[in-house]
Amino acid sequence: METIEKSAERRIVPAGTQGLAVRSSALVARGLRDLSRDSNWLIKKVFRGHTRHLAISPTGQVCAISPQGRHSAQRVVLYDIELCVPNLALSVPNELLVAATDLPAAFAWSPTGRHLVAAWGAWNPALHIFDLHGKALLGTFGESKSFPAHLTWSDTGKYFAAGTSGGSGASLRLWESAKDSAPLARTAASEIGTPEWIEAQAAGAEFADEGSFWGYGRAAFSPDEKSLASVVEIRGDWADDSIVILDVPRLRNRNAFTAQGHVTDLTWTPGGEHIVYCAAGQAYRLEAATPTFEPLPFGAELCACHPHLPLCVCFSSWLKNSAKGRLFLVDLNRLTVFDEYAAEGVVDLRWSLDGSKAFAVTQDGLAYIYEPPLL
Amino acid sequence: MALKATDIPPVHTPLKPEDEELALKRAEQAALETELADRELRAANLRAELHAFEARYLHFVGLRYAELDELKAQIAERLAKEQPANERAQQAARDARSRADDTQSAAGEKAEHEPHAFQSSPEMKRLYREVAKRIHPDLTSDRADRAKRQQLMAEANDAYAHGDEAQLTKILTEYECSPEAVKGEGPGAELIRVIRQISQARSRLSEIEAEMQELLRSDLYQLKSRLDEAQQHGRDVLKEMIEKVDSQIAQAKQRLEIGGTNGA
């Protein structure tokens, strides 16, 4: 009895579509994505819980305080905005297990999204720097009595700034580092306390209706990294915040001017000639060199300029005559709003690294992705 | 008196155990062959439908995406030229150019003829099922025969995808007349052959199932399903997609001509 052994070859009937399917997969995915939306805005639920403390990365991640695990303890968690999945929960030595949602927190992503500087009330009072490629805590720096109010990196990652508030102890510190490298030095390269023009006044003391120096709020480096614009917060019933423009890296005062109310956000235009800022719900444009300002024809509380186009994405929680919030795009050349979407509770805005998308995330973990076909 | 042939009582020779087993296995094999042919037909149908849909999608939408990305690259390059010191603008232009090249490569060249949706007649299905039953490579354990069957089955798949009925008939006829179609040797060898063929057929059934699942999970199938579903409700979504991209192309052209950012 003779049989022929079964061939080891298992090449089954070739499927003619396979090569083509791989080649066209990106275009098919693009078609599916375009099909699932009827506007330039895509809305996704990214995380559960409620927090005002979050920061969006230029690569489409969001770092937020949110409940994790069976006991719903609060953690600092990184989520992928488009995939709506948690990527990583950050932890540090001696981290407290807390359920409280009101602990202070501040985050800043490096320009490439590789590093994250974070401070949180459940951690030691210092800035913690993480390498997210290596998924490791690289170290701590910038210990301070006051909790940081705002953290920011410059465009190439060469500079990092941290502002604190709280009155007399408030400061603005600047660190230098090689491009997108870490960790940063334990002590700052430059530091300022009370701004020069207020120095004459006693810090913390009342001065008429103008209020008292409280600290440093939102800050942003100019695109050429030669200047740092920071909000100087003045506390008082009728007090107006100021915006100070400082030389980098020495933090010498170049220009300062008084805004019209509490400044909630500021952003440099791509060329670095102007700063768009939001004060008391109104948007303004400030010429950095003079400095002179003009009100823009729309209200806004948050704003972020496009990295290289004269566009700005804004959020306003109060739309005239409707008391409803909206996200919208502004053409800074024509000062016209050309795309908008209803939204409530947005706490951060950011453009992607290449400027093809803008992200906005609300305190309830809802993300708005603006992805127009022509950017 | 001579007995007539019809008067001879039939002699029931009991089947040998190996013949009995062989008969059982052949029945099992026949059932599996039918199932395998049906499954192959379903898989071939799905592959052919997706292949045809993909060709249509690339022709009508993919090429438009390529045109749009090319315009976007030109816009980005112009902006980069206007802002030579802005590294972000330079990078954006490089990225846009790279994306445009990728899209063009994925969309391919414009076909001379408009691709059509896949359609299969009942006769085509019957023929394909017959081919799969007769020449399926997993229904033989002969190495040379298997290689020949693989080649023929690939040709049959191609003929089916292109609706070429004559070619399917030719493949079937040619194989039926070939020496490989002749079976032989004793029941023992045949039994082993049949058992192995059953095993191969089962294995192939599992592979078809896995392939079907993969195809059903693919983005291409999801997209096709969305379009088919909408069509059942009277909506031509492919046409809507074309109009949408055309409108974006028109906006991009306008931007390229007059400059500015409005309409992004």
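Residues numbered from 1 in each chain as written. Chains lettered and ligands numbered in written order. Predicted model: local features only at pLDDT ≥ 70, side-chain atom pairs only at ≥ 80, totals over all residues.

### Let's talk about the overall build of chain A
Definition in use: Each helix is a run of H or I in the DSSP string that is no shorter than four residues. Each strand is a run of E no shorter than two, and both are numbered from the N terminus. Any residue whose C-beta has 12 or fewer other C-beta atoms within 10 Å is treated as exposed, any with 20 or more as buried, and any in between as partly exposed, C-beta atoms being built from the backbone. In this description, a residue-residue contact is defined by the distance between C-beta atoms placed from the backbone, which must lie within 7 Å.
When you go through chain A residue by residue, the secondary structure sums to two helices and 28 strands. Residue burial in chain A is summarised as follows: out of 375 residues, 44% are buried. Across chain A, the fraction of contacts at a sequence separation of at least 24, relative to all contacts at a separation of at least 6, is 45%.

### Quick look at the overall build of chain B
On a plain count of helices and strands, chain B comes out with eight helices and zero strands. Counting helices and strands in the order they occur from the N terminus, chain B gives α-α-α-α-α-α-α-α. Per-residue burial over chain B gives 33% buried out of 264 residues. Partitioning the contacts of chain B with sequence separation of at least 6, the portion at a separation of at least 24 is 79%.

### Observations concerning the sheet that holds strand 15 (residues 227-235) of chain A
All names here are of chain A. Stated formally: At least two bridges found by DSSP between two strands are what make those strands a pair. Lines fitted to C-alpha atoms define the axes, with helix axes restricted to the stretch in contact, and inter-axis angles between N-to-C directions lie between 0 and 180 degrees.
The four strands are arranged 14-15-16-17 in an open sheet whose pairing can be described as antiparallel. Two strands lie at the open edges of the sheet, namely strand 14 (212-221) and strand 17 (253-258), each paired on one side alone. Ignoring strand direction, the axes of neighbouring strands in this sheet form an average angle of 25 degrees. Across five bridges, strand 16 (residues 242-247) lies against strand 17 in antiparallel orientation. When the sheet's bridge partners are listed, Ser-242 is paired in strand 17 with Thr-258.

### What about unusual backbone geometry?
Residue and element names in this part refer to chain A. With an omega dihedral of 10 degrees, the bond running from Val-248 to Pro-249 counts as a cis peptide bond. Mapped onto the elements of the fold, Pro-249 is located in the loop between strand 16 and strand 17. A cis geometry characterises the amide bond from Thr-290 onward to Pro-291, with omega recorded as -20 degrees. Tracing the backbone shows Pro-291 in the loop between strand 20 (282-287) and strand 21 (292-299).

### So, the environment of A:Ala229
Residue and element names in this part refer to chain A. Looking at the element boundaries, Ala-229 is found in strand 15. For the pair Ala-229 and Val-244, spaced 15 residues apart in sequence, the C-alpha separation works out to 5.6 Å. If we ignore the near neighbours within four places in the chain, the residues touching Ala-229 are Ala-219, Ala-220, Ile-243, Ile-245, Leu-266, Trp-268 and Ile-275.

### What about helix 2 (residues 87-107) of chain B?
All names here are of chain B. The test is simple: A helix is expected to reach a length of 1.5 Å times the quantity of its residues less one. Arc, as used here, means the arc of the directions from the helix axis to the C-beta atoms.
The terminal C-alpha atoms of helix 2 lie 30 Å apart, and with 21 residues this matches the ideal 30 Å at 1.5 Å per residue to within 8%. Of the residues making up helix 2, those classed as buried are Arg-88, Ala-89, Ala-92, Ala-93, Ala-96, Ala-100, Thr-103, Ala-106 and Ala-107. Burial along helix 2 is one-sided: seen end-on, the buried residues are contained in an arc of 155 degrees. Turned more than 90 degrees away from the buried face of helix 2, the exposed residues are Ser-98 and Ser-105. A positive backbone phi angle near 75 degrees is found at Gly-108, which sits one or two residues after helix 2.

### So, the pairing of strand 12 (residues 172-176) of chain A
All names here are of chain A. Counting buried residues in strand 12 gives four out of five residues, a clear majority hidden from the surface. When strand 11 (residues 159-164) meets strand 12, the two strands line up antiparallel, connected through five bridges. Counted as the bridge partner of Ala-161 is Leu-174 from strand 12.

### So, the sheet that holds strand 21 of chain A
All names here are of chain A. Taken in spatial order, the four strands of this open sheet run 18-19-20-21, and their pairing is antiparallel. Edge positions in the open sheet fall to strand 18 (263-268) and strand 21, since each of these has one partner strand only. With direction set aside, neighbouring strand axes in the sheet form an average angle of 25 degrees. For strand 19 (residues 274-279) and strand 20, the ladder comprises six bridges, and the chain directions are antiparallel. The residue bridging Ile-275 from the neighbouring strand is Leu-286, located in strand 20.

### Here's the deal with the nonpolar core
Across soluble globular proteins, you tend to see nonpolar side chains buried next to one another. Spelled out, the test is: The term nonpolar core means buried Ala, Val, Leu, Ile, Met, Phe, Trp, Tyr and Cys residues held together as one set by C-beta atoms within 7 Å.
A:Cys63, A:Ala118, A:Ile243, A:Tyr277, A:Cys314 and A:Ala360 are the most contacted members of the largest nonpolar core, which totals 154 residues. By residue number, the principal contributor to this core is helix 1 (residues 17-82) of chain B, which donates 23 residues. Discounting chain neighbours no more than four positions away, the residues touching A:Ala360 are A:Phe315, A:Leu327, A:Ala343, A:Val346, A:Leu349, A:Ala367 and A:Tyr368.

### Observations concerning the confidence of the model for chain B
Residues and elements named next belong to chain B. Applicable threshold: Per-residue confidence from the predictor is reported as pLDDT, which spans 0 to 100.
Of the residues in chain B, 88% reach a pLDDT of 70 or more, and the chain-wide mean stands at 83. Looking at the elements of chain B, mean pLDDT is at its lowest for helix 5 (residues 165-176), recorded as 82, and at its highest for helix 7 (residues 219-232), recorded as 91. Predicted confidence is poor over residues 260-264, with pLDDT under 50, and the contacts of this stretch with residues over four places away or in other chains come to 18 contacts. Across the interfaces of the predicted complex, the ipTM metric reaches 0.75, alongside a pTM of 0.68.

### Some points on the packing of helix 1 of chain B against helix 7 of chain B
Residue and element names in this part refer to chain B. Note the threshold: Under this scheme an angle from 65 to 115 degrees is roughly perpendicular, one under 35 degrees roughly parallel, and one over 145 degrees roughly antiparallel; angles in between are oblique. Under the grouping applied here, Gly and all other residues not named as nonpolar or charged are polar, the nonpolar ones being Ala, Val, Leu, Ile, Met, Phe, Trp, Tyr, Cys and Pro and the charged ones Asp, Glu, Lys and Arg.
Following both chains from N to C, one finds helix 1 and helix 7 inclined at 80 degrees, their axes separated by 10 Å at the closest point. In terms of their interaxial angle, helix 1 and helix 7 are classed as roughly perpendicular. On helix 7, the residues touching Leu-50, Phe-53 and Glu-54 of helix 1 are Leu-220, Tyr-221 and Lys-224. Tallied by class, residues from the contact of helix 1 with helix 7 come to four nonpolar, no polar and two charged.

### Concerning the pairing of strand 6 (residues 105-109) of chain A
Residues and elements named next belong to chain A. Taking burial as the measure, the five residues of strand 6 include five buried ones, the bulk of the element. Judged by which residues are buried, strand 6 turns out to be covered on both faces: Ala-105, Phe-107 and Trp-109 on one side and Ala-106 and Ala-108 on the other are all buried. Inspection of the sheet shows strand 6 paired to strand 7 (residues 115-120) by five bridges, in the antiparallel sense. By the bridge assignment for strand 7, Phe-107 is matched with Ala-118. Remark: five residues form the turn of the hairpin made by strand 6 and strand 7, two consecutive strands paired antiparallel; Gly-113 in that turn has positive phi of roughly 80 degrees.

### Overview of the confidence of the model for chain A
Counting all residues, the mean pLDDT for chain A is 85, and 87% of those residues have values of 70 or more. Confidence drops under pLDDT 50 across residues 1-20 of chain A; counting only partners more than four residues distant or on other chains, this segment forms 37 contacts.

### What about the packing of helix 1 of chain B against helix 3 (residues 122-135) of chain B?
Residue and element names in this part refer to chain B. This is how it is decided: We call a crossing left-handed when the near helix sits turned anticlockwise from the far one by less than a right angle, and right-handed when that turn is clockwise.
With their axes 8 Å apart at the nearest point, helix 1 and helix 3 run at an angle of 125 degrees to one another. Relative to helix 3, the element helix 1 is oriented oblique. Two packed elements cross with a definite hand, and for helix 1 against helix 3 that hand is right-handed. From helix 1, Glu-33, Thr-34, Leu-36, Ala-37, Asp-38, Glu-40, Leu-41 and Ala-44 reach across to helix 3, where they touch Lys-125, Tyr-128, Arg-129, Ala-132 and Lys-133. For the contact of helix 1 with helix 3, the per-class residue count stands at six nonpolar, one polar and six charged.

### Quick notes on the environment of A:Ser154
Residues and elements named next belong to chain A. Here Ser-154 lies in the loop between strand 10 (148-153) and strand 11. Here Ser-154 falls in the buried class, since 25 other C-beta atoms lie within 10 Å of it. Spatially, the C-alpha atoms of Ser-154 and Lys-226 are 9.6 Å apart, while their sequence positions differ by 72 residues. Aside from chain neighbours lying at most four places away, what touches Ser-154 is Tyr-159, Phe-221 and Glu-225.

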